[in-house]
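# Summary of structural features
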Amino acid sequence: GMGNYHDDTMELLADKGNGNYGYIDSLLEAKKVMVQEMSGTMYALAKDVKIQVEFNPSKVAEYRLIGYETRALKNEDFNNDRVDAGDVGAGHTVTAIYEMTPVGSPAIKLDERRYADSSGNKASANTSDELAFVKIRYKKPGQSESELISTPVRPTDQALDAKETQFAAAVAAFGQHLKGSKYLENFSLKDIENLASANRGADDFGYRAEFVNLVRQAQISQR
């Protein structure tokens, strides 16, 4: 499009063809897409990758997945190998961010549920120290049947550096701001900038500094 590159159309085309898309507006972005990330887009290591997260209702009162609206699957499709899903290439990492409200928090927005869940597992959930249970299904290239990986998530688990998590949260918050999400409430662009700046960490190629500058530009445009 002229003056509007319509990334939603590019995303739709990429999703339908199990591909990838990028918007190149600078030499730095060209190097990122065509050099540094090229191997990940050319060689798939896992096909039809599905992730399912079940939260423990005795620990987590509310949750929501941020993003991935166009990639959501029905629960019954998780074990169905005929249902198409995304591919993961060499060197790729996938980040899924959930906003969670702990049980007993004053931030809970929904009324208390009368029934714990449809299977009546309230007692077993209350005796568990797990926050959630994660299951991943994937197919190796050339295979038609998926393999399963599963693991519980406990409060003591911390696979990523805290700064990495905080910076990812800033990026997610900025995306929510651009979409006009009501869930940000009073979390401002300045708060997003401060969160990203404080947790920028290693930035060999300057991408994170570029993100902080984008947030600053968004603040200027609102004035």
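Residues numbered from 1 in each chain as written. Predicted model: local features only at pLDDT ≥ 70, side-chain atom pairs only at ≥ 80, totals over all residues. Heavy atoms only, no water.

Looking now at a nonpolar patch on the surface. A surface patch of nonpolar side chains, amounting to about 340 Å² of accessible area, comprises I51, L65, Y68 and V94. Secondary-structure assignment places V94 in the loop between strand 3 (86–89) and strand 4 (97–102). (Patch = residues over 30% accessible without salt bridge, like charges linked within 9 Å, V, L, I, M, F, W, Y side chains within 5 Å. Areas by Shrake-Rupley, 256 points an atom, 1.4 Å probe, with all protein chains shown as cover. Salt bridge = Lys/Arg side-chain N within 4 Å of Asp/Glu carboxyl O. Helix = DSSP H or I, 4+ residues; strand = E, 2+ residues; numbered from the N terminus.)

A few words now on the pairing of strand 1 (residues 44–55). Two strands pair when backbone bridges link them, and strand 1 and strand 3 are joined in this way by three bridges, in the antiparallel orientation. Bridge assignment links A44 to a residue of strand 3, and that residue is G89. Two elements, strand 1 and strand 5 (residues 132–139), share seven bridges in a ladder whose sense is antiparallel. Each bridged residue has a counterpart across the sheet, and for K50 the counterpart in strand 5 is R137. (Pairing = 2+ DSSP bridges.)

Turning our attention to the pattern of salt bridges. Counting across every chain of the model gives 10 salt bridges. Between K47 and D87 there is a salt bridge; the shortest N-O distance is 3.3 Å. Of this pair, K47 sits in strand 1 while D87 sits in strand 3, and the two are 40 residues apart along the sequence. In this structure K47 comes out as partly exposed when scored by relative accessible area, which is 31%. Residue R154 is joined to D129 by a salt bridge in which the shortest nitrogen-to-oxygen separation is 3.4 Å. One end of the pair, R154, is in the loop between strand 6 (147–153) and helix 5 (162–178); the other, D129, is in the loop between helix 4 (122–126) and strand 5, and 25 residues separate them in sequence. According to the relative accessible area criterion, R154 is partly exposed, its value standing at 32%. Because the salt bridges share partners, they merge into one network encompassing D129, E130 and R154. (Buried < 20%, exposed > 50% of the residue type's maximum accessible area, 1.4 Å probe, protein only.)

Here we come to the packing of helix 5 against helix 6 (residues 189–198). The N-to-C vectors of helix 5 and helix 6 enclose an angle of 155°; their axes lie 8 Å apart at closest approach. Here helix 6 runs roughly antiparallel to helix 5, going by the angle between their axes. The handedness of the crossing between helix 5 and helix 6 is left-handed. Across the interface between the two elements, K163, Q166, F167, A169, A170, A173, F174 and H177 from helix 5 touch L189, I192, L195, A196 and A198 from helix 6. Within the contact of helix 5 with helix 6, the residues separate by chemical class into 10 nonpolar, two polar and one charged. (Axes fitted to C-alpha atoms, helices over the stretch in contact; angles between N-to-C directions. Parallel < 35°, antiparallel > 145°, perpendicular 65-115°, else oblique. Left-handed = near helix turned anticlockwise from the far one by under 90°. Contact = heavy atoms within 4.5 Å. Nonpolar A, V, L, I, M, F, W, Y, C, P; charged D, E, K, R; others polar.)

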